[in-house]
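Report on the structure
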Amino acid sequence: MPVHLTPNAIPAIVGGDVNLKPLVQILDIKHIGSSQERYRLLISDAVSTQHAMLATQLNDRVKDGSIRNGSVIQLIEYLCSFVQNRQLVVILSMETIIPECDIIGNPKHFLEPDSTAQKIQPNINLQQPARVSNNRYQPPPVANVQDFRPAVQPPYQPPSNYKSHGTILKNEAPARIIPIAALNPYQGRWAIKARVTAKGDLRRYNNARGDGKVFSFDLLDSEGGEIRVTCFNAVVDRFYDVIEVGKVYMISKGSLKPAQKNFNHLKNEWEIFLEATSTVDLCPDEDGSIPTQQFSFRPISDIESADSNTILDVIGIVISVNPSVPIMRKNGMETQRRILNLKDWSGRSVEITLWGDFCNREGQKLQDMFDSGICPVLAVKAGKVNDFSGKSIGTISSTQLFINPDFPEAHSLRDWFDRGGKDAVSQSISKDMVPGMPKNEIRKTISQIKDEGLGRSDKPDWVTVNATITFMKADTFCYTACPLMIGDRQCSKKVTRSGNRWQCDRCNQEFEECDYRYLLQAQIQDHTGLTWVTAFQESGEEILGCSAKELYMLKFEEQDDARFDSIVRQRVFNKYLFRLKIKEEMYGDEQRVKITVMKADKVNYATESKFMLESILKPLR
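Residues numbered from 1 in each chain as written. Predicted model: local features only at pLDDT ≥ 70, side-chain atom pairs only at ≥ 80, totals over all residues. Heavy atoms only, no water.

In the nomenclature of an unreviewed UniProt entry, the chain corresponds to Replication protein A subunit from the organism Cannabis sativa. According to the UniProt record, the Sequence similarities (unreviewed entry) comment for the chain is "Belongs to the replication factor A protein 1 family." According to the UniProt record, the Subunit (unreviewed entry) comment for the chain reads "Heterotrimer of RPA1, RPA2 and RPA3 (canonical replication protein A complex)." (UniProt positions renumbered as here; feature names shortened; annotations may be inferred.)

A look at the overall build of the chain
The helix and strand inventory of the chain stands at 12 helices and 34 strands. For the chain, buried positions account for 44% of its 621 residues. Of all intrachain contacts in the chain linking residues separated by at least 6 positions in sequence, the fraction that spans at least 24 positions is 63%. (Helix = DSSP H or I, 4+ residues; strand = E, 2+ residues; numbered from the N terminus. Buried < 20%, exposed > 50% of the residue type's maximum accessible area, 1.4 Å probe, protein only. Contact = heavy atoms within 4.5 Å.)

A word on the pattern of salt bridges
Opposite charge on two side chains lets them pair, provided their charged atoms get close. Within the structure shown, the criterion is met by 17 salt bridges. One salt bridge connects Glu584 with Arg456, and the closest N-O pair in it is separated by 2.5 Å. Pair noted here: Glu584 is in strand β33 (residues 575–587) and Arg456 is in the loop between α8 (446–451) and β23 (461–472), with a separation of 128 residues, a long-range link. By relative accessible area, Arg456 is classed as exposed at 52%. Here the salt bridges share partners, and the residues they tie into one network are Asp357, Arg361 and Glu362. (Salt bridge = Lys/Arg side-chain N within 4 Å of Asp/Glu carboxyl O.)

Quick notes on the side chain of Ser398
Positionally, Ser398 belongs in the loop between β20 (392–394) and β21 (400–403). Beyond its immediate stretch of four places on either side in the chain, Ser398 contacts Ala198, Asp218, Arg228, His265, Lys381 and Ala382.

Things to note about the layout of surface pockets
Considered as a void within the structure, the second largest pocket measures approximately 1,500 Å³ in volume. Those elements that provide at least two residues to the lining of the second largest pocket are β7 (191–199), β8 (203–207), β9 (210–220), β10 (226–232), β13 (270–273), α5 (357–360) and β21. A per-element tally of the lining of the second largest pocket places β9 first, with five residues. Classifying every residue of the lining of the second largest pocket by side-chain character gives 14 nonpolar, 16 polar and 12 charged. No fewer than three residues from each of domain 2 (180–282) and domain 3 (297–428) sit in the lining of the second largest pocket. (1 Å grid on protein atoms, 1.4 Å probe; cavity = no way out; pocket = protein on both sides within 12 Å on 5 of 7 lines; lining within 4 Å. Points joined across faces, edges and corners; volume = space filled by probe spheres on them. Nonpolar A, V, L, I, M, F, W, Y, C, P; charged D, E, K, R; others polar. Domains from an automatic or database assignment.)

Structural notes on the sheet that holds strand β29 (residues 509–511)
Taking strand neighbours across the sheet as the criterion, the three strands line up as β27-β28-β29 in an open arrangement whose pairing is antiparallel. Either end of the sheet is taken by a strand with one partner, and the two such strands are β27 (496–498) and β29. In this sheet, adjacent strand axes meet at a mean angle of 40° when their direction is disregarded. One ladder, built from three bridges, connects β27 with strand β28 (residues 501–504); its direction is antiparallel. (Pairing = 2+ DSSP bridges. Axes fitted to C-alpha atoms, helices over the stretch in contact; angles between N-to-C directions.)

Structural notes on the sheet that holds strand β34 (residues 590–602)
Ordered in space as β23-β31-β32-β34-β33, the five strands form a closed barrel in which the pairing is mixed. Between one strand and the next, the sheet's axes are offset by a mean angle of 55°, whatever the strand orientation. Sheet topology places strand β31 (residues 520–526) next to strand β32 (residues 529–535); seven bridges connect them, and they run antiparallel. From the neighbouring strand, Asp526 faces β32, where its bridge partner is Gly529.

Focus on the nonpolar core
Nonpolar side chains tend toward joint burial in soluble globular proteins. Grouped together as the largest cluster of nonpolar side chains are 42 residues, with contacts concentrated most on Met472, Ile543, Leu551, Phe578 and Leu580. Membership of the second largest hydrophobic core comes to 24 residues, among which are Ile180, Leu183, Tyr249 and Ile251. (Core = buried A, V, L, I, M, F, W, Y, C linked by side-chain atoms within 4.5 Å.)

Thoughts on a nonpolar patch on the surface
Nonpolar side chains collect at one region of the surface, where Leu613, Ile616 and Leu617 lie side by side and expose about 280 Å² of accessible area between them. With respect to the element layout, Leu613 can be found in helix α12 (residues 605–617). (Patch = residues over 30% accessible without salt bridge, like charges linked within 9 Å, V, L, I, M, F, W, Y side chains within 5 Å. Areas by Shrake-Rupley, 256 points an atom, 1.4 Å probe, with all protein chains shown as cover.)

Some details on the pairing of strand β30 (residues 515–518)
Side chains of β30 alternate between two faces, with Asp515 and Arg517 and Tyr516 and Tyr518 buried alike. As paired elements, strand β24 (residues 478–481) and β30 share four bridges and run antiparallel to each other. Residue pairing in the sheet places Thr480 in a bridge with Tyr516 of β30.

Considerations on unusual backbone geometry
Unusually for a residue other than glycine, Ala382 sits at a positive phi of about 65°. Its place among the elements puts Ala382 in strand β19 (residues 377–386). On the accessibility criterion, Ala382 (1% relative accessible area) is buried.

A few points about the pairing of β28
Residues Trp502 and Cys504 line the buried face of β28, whereas the alternating positions Arg501 and Gln503 sit on a face that is not buried. Bridge count between β28 and β29: three bridges; the pairing is antiparallel. Paired with Cys504 across the bridge in β29 is Gln509. Once β28 ends, the chain turns through four residues before running back antiparallel as β29, passing Asn508 with a positive phi of about 55°.

Concerning the environment of Phe578
Structurally, Phe578 is set in strand β33. Here the alpha-carbon distance between Phe578 and Met598, two residues 20 residues apart in the chain, equals 7.6 Å. Contacts of Phe578, omitting those with residues within four sequence positions, involve Val463, Thr464, Val465, Ala467, Ile469, Ile524, Ile543, Val597, Lys599 and Ala600.

Describing helix α6 (residues 362–371)
Those residues of α6 that fall on the buried side of the exposure criterion are Glu362, Gly363, Leu366, Gln367 and Met369. Buried residues of α6, viewed axially, fall in a sector of 165°; they line one side. Those residues of α6 that are buried are in contact with β15 (311–321), β17 (334–343), β18 (348–355), α5, β19 and β21. Positioned one or two residues after α6, Gly373 has a phi angle of 95°, which is positive. (Arc of directions from axis to C-beta.)

Take a look at the structure:
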């Protein structure tokens, strides 16, 4: 049966017809792998040929053999773009009509007429199509091209103050609105219509090229496509005050680059970078087809198995809210932290850690509601999973919090809670199930620390050991420390005496009096073996019951050895629940596993008995 290609399809496509949905033949497929795998095609309408680029989402069609040299395909969605001063057809969506076929006609490379007045209209006069007899394959009759209806949005019409005055040049024609999912770097003119769902803070940076500033925002369109937009330096000044969360904008003339997945959690391989020529136009009329937000909620029970640093959405009932406390970051800057707990119907609860402005905005509102007897529903958009000391969710710059939101998941959760869910037992994936026990215990014996090679991975291991102190080094239990404050945190670096004064190399200052901080080395033992551990300030005070300075004065200033020895002896042969941080560190040229006591609690035998009983019964359930 003869095969019919769409007559004059190549001139029509090059002329700007995006609604034709033509039948064309693939003459050649070439892999042009670079930083990203891509395929370049040579397509034909039996008379003319034109180079085309396959969108990356269609790469599998080549790999699985759905299209190959000779295949007849129908172009569903496509556009014509200039790449390095050459026209290129970008194929966004297509269907294979005939997987394999002889070459049809005698096509030659298409040369566009010089005169811009000679434009090929979409519904050109159809001449007798080229025919070829295909003895190897008898395809079903192909529908006439006039039976296909366009399925694309109309061209974007910019506001009147942006319209050109006079003749419109080829590269100045109105951009066509396309879905976010169809964006790719090979497009020339494009526009997207989308709602801003999140806006990041304005950040400043310094690198080898100098100082700069940057901010980004996330977009969502009517088809559910999401993409991040980033602005740098002068572009920040143009758009930072213009962008508002919840508003719909028409955006065009940006460049697409691969998304940096370390900082971008959206499910899109591209990211838009706005430039000096970019346009961002507010759409004043509300577009009901674009949702205000898109969620993909995960049950709290699923978070237990989620990888660290995973970005996800979670919703639950607030069952506790802690006060906001100041925290000193590693860079010396102070911030706020507030911890609350969520539970849902999965039988699990999780800690939510609010950082920075979240503590005083949504955090304070949640505390006021909880203190008044209300357990609000909280939806967390784009929370970050943390596996430090158990699984928890933390806020990041793109996180959004919704208190008692008006959508079905929130109403269902509220109904469940009010009908008895508030009394349902839930196990915390951030805390142990037995009240009073240390946070998210991973119980180990001392022999397991060595047998399982704990501490030898990239990250430290955190375990809890029930053990007895059998020995403490009483001669070197503390060190002289810098008392100066860096922000709201003490420096605490080791200082040296310089005459009658103390000197800190870190602060580069001298002072008359120093502080004393614990550096306590002890031997602990359980029924499987013994090991050495180091306890610093807080854990040292928990073990010895007094400050390092008090103990130092007692031994070296007052020289009351009897009382000093009595304090130490009272702590030896006592049982503690030691929360240990185990990490391999370099000492000289040798790698050694260091075990640090982060917390030491005296054993509560009633609570410990409950824990042991639960451990026995758990495998039987």
